[in-house]
Amino acid sequence: MICLFQMFRLVVVAALCVAALATPVFRAELDQEWAIYKDMFAKNYVADEERMRRLVWEDNIDYIEKHNRRADRGEHKFWLGTNEYADMTIDEFKVIMNGFIMQNGTKGDSYMSPSNIGDLPDKVDWRDKGYVTPVKNQGHCGSCWSFSATGSLEGQHFKSTGKLVSLSEQNLIDCSKKEGNHGCKGGLMDFAFEYIQKNDGIDTEQSYPYTAKDGIECRFKKADVGATDKGKVDLPRQSEKALQEAVATVGPISVAMDAGHRSFQLYKRGIYTEPMCSSTKLDHGVLAVGYGSEGEGDYWLVKNSWGATWGMEGFFMLARNHRNECGIATQASYPKV
């Protein structure tokens, strides 16, 4: 039986076939750029798929150009650009790439503001302190939640031991289904932290490498554990103040957001905002690694899991103190180490 995901891909391809037949003429001035794009991202299409993908890519190019002209006039604070996902429709992209599953409540400890916290720093960037591993790429798998979870634990493990260890997302994908996760079909960072606690650890990336697909069986090995946790802490929902405190005093924090917009799919640089963003309907897990302010306003510095060719070498800035933009503070948490 064809799974729901496969059915969606078939529907998308069929729709693109119809569109390609209805619009047989491409922009000739983009021929060389299209060739460069395919070479840069190692795109190898089969049969008539190239016609379809070229059509989608050209539509995204038009969207990028129109947006950037408005950004150059000061109407936006961020700019768009082509990336490895520029040959995908936004509907296709959301199904394949966004895998965070909303949860109204979990059993984590409640966040408590540190006593005598004093004034928070104006700028925080945990990359400069050694807390953050290089940007990873989840591929065509809705496993964003696992990358957010490993990122937060990698930071807390470094804080505790002084050693930055890249942890295994594949371990979480294959082994945390009993806690409520669904591998490439989505999951929740808190469920990942719960699994790691009950399992007495998570393997290293090196010992349990990423495959971008659901494994047939759990291959966890106790001898390969790279980090452990003692539970998790949930921040107050929708409180950017609490999130700022936690990012400043704890380290990188697992967060979720509404990422289901073409403006985010094609984001390149600047402080991201999206009028259609929801602060309650979230679909993507990411990692808040800092914050700051610049001429365009306050921002969160966030690590994504779509590879280093997306955004600002895999990172992005999101508007801070802007009515909880895209729900960044709605479901934030971190592991206790």
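Note that residues are indexed from 1 along each chain, following the sequence as it is written. Given that the model is predicted, a residue must reach a pLDDT of at least 70 before its local features are reported, and side-chain atom pairs must reach 80 or more before they are shown or counted; all residues, however, enter totals for whole chains, interfaces and linings. The side-chain values count all of the structure's non-hydrogen atoms but skip hydrogen atoms and water molecules.

### Considering the packing of aromatic side chains
Link 1 in the chain: Put simply, two rings from Phe, Tyr or Trp (the six-membered ring, in Trp's case) pair if the centres are within 6.5 Å, and we call them stacked under 30 degrees between planes, edge-to-face over 60, tilted for the rest. In the structure shown here, the tally under the stated rule is 24 aromatic pairs.
Link 2 in the chain: Through a chain of ring-to-ring contacts, the aromatic side chains of F78, Y85, F93, F264, Y267, Y272, W306, W310 and F316 assemble into a single cluster.
Link 3 in the chain: To sit over a ring, a charge needs its Lys NZ or Arg CZ within 6 Å of the ring centre and within 35 degrees of the ring normal. Against the face of F315 rests R127, its NZ or CZ located 4.5 Å from the ring centre.
Link 4 in the chain: If you follow R262 out to its NZ or CZ, it ends over the ring of Y63, 4.1 Å from the centre.

### Topic: the nonpolar core
Link 1 in the chain: Throughout this description, the term nonpolar core refers to a set of buried Ala, Val, Leu, Ile, Met, Phe, Trp, Tyr and Cys residues connected via side-chain atoms within 4.5 Å. Partly exposed residues are those whose accessible area sits between 20% and 50% of the maximum for their type, while under 20% is buried and over 50% is exposed, using a 1.4 Å probe and protein chains only. If you look at the biggest cluster of nonpolar residues, it comprises 61 residues, and the most contacted ones within it are L243, V247, I253 and F316.
Link 2 in the chain: Those residues within four positions of V247 in sequence are excluded, and the remaining contacts are V124, W126, I253, A288, V289, G290, Y291 and W300.
Link 3 in the chain: With 23 residues, the next largest nonpolar core counts L172, C175, F191 and A256 among its residues. Between two residues, a contact is recorded if the distance between any of their heavy atoms is within 4.5 Å.

### A closer look at the state of the cysteines
Disulfides are covalent bonds that link the sulfur atoms of two cysteine residues.
Link 1 in the chain: When two cysteine sulfur atoms are found within 2.5 Å, that pair is recorded as a disulfide. Here the structure, examined in full by the defined rule, presents three disulfides.
Link 2 in the chain: Residue C141 pairs covalently with C184 via a disulfide, S to S 2.0 Å. Judged by the torsion about the S-S bond (-95°), the C141/C184 disulfide is left-handed. Taken together, the residues C141 in the loop between β3 (124-125) and α5 (144-161) and C184 in the loop between α6 (169-175) and α7 (189-199) connect sequence positions 43 residues apart. C184 shares its class with C141; the two are buried.
Link 3 in the chain: The residue that forms a disulfide with C175 is C218, at a sulfur-sulfur distance of 2.0 Å. Every helix listed is a DSSP run of H or I at least four residues long, and every strand listed is a run of E at least two residues long, numbered separately from the N terminus.

### With respect to the UniProt feature "domain: Peptidase C1A papain C-terminal" (unreviewed entry) in the protein
Link 1 in the chain: UniProt positions are given in the numbering used here, feature names are shortened, and annotations may be inferred rather than shown by experiment. Within this structure's numbering, the places UniProt gives as "domain: Peptidase C1A papain C-terminal" (unreviewed entry) are residues 120-336.
Link 2 in the chain: What you have in residues 120-336 is 23% helix and 22% strand, and the ends, taken at the C-alpha atoms, are 22 Å apart.

### Description of the pattern of salt bridges
Link 1 in the chain: Any carboxyl oxygen of Asp or Glu that lies within 4 Å of a side-chain nitrogen of Lys or Arg is treated as forming a salt bridge with it. The tally for this structure, following the rule as stated, stands at 21 salt bridges.
Link 2 in the chain: The partner of R27 in a salt bridge is D62, with the nearest N and O atoms 2.5 Å apart. On the criterion of sequence distance, the pair formed by R27 in the loop between α1 (4-22) and α2 (31-40) and D62 in helix α3 (residues 49-72) is long-range, its members being 35 residues apart.
Link 3 in the chain: Across the pair R54 and D31 runs a salt bridge, and its minimum N-O distance is 2.9 Å. On the criterion of sequence distance, the pair formed by R54 in helix α3 and D31 in helix α2 is long-range, its members being 23 residues apart.
Link 4 in the chain: The class of R54 is buried, set by a relative accessible area of 5%.
Link 5 in the chain: Accessibility expressed as a relative area gives 41% for D31, which makes it partly exposed.
Link 6 in the chain: Salt bridges linked by common partners bring R27, E29, D62 and E65 together as one network.

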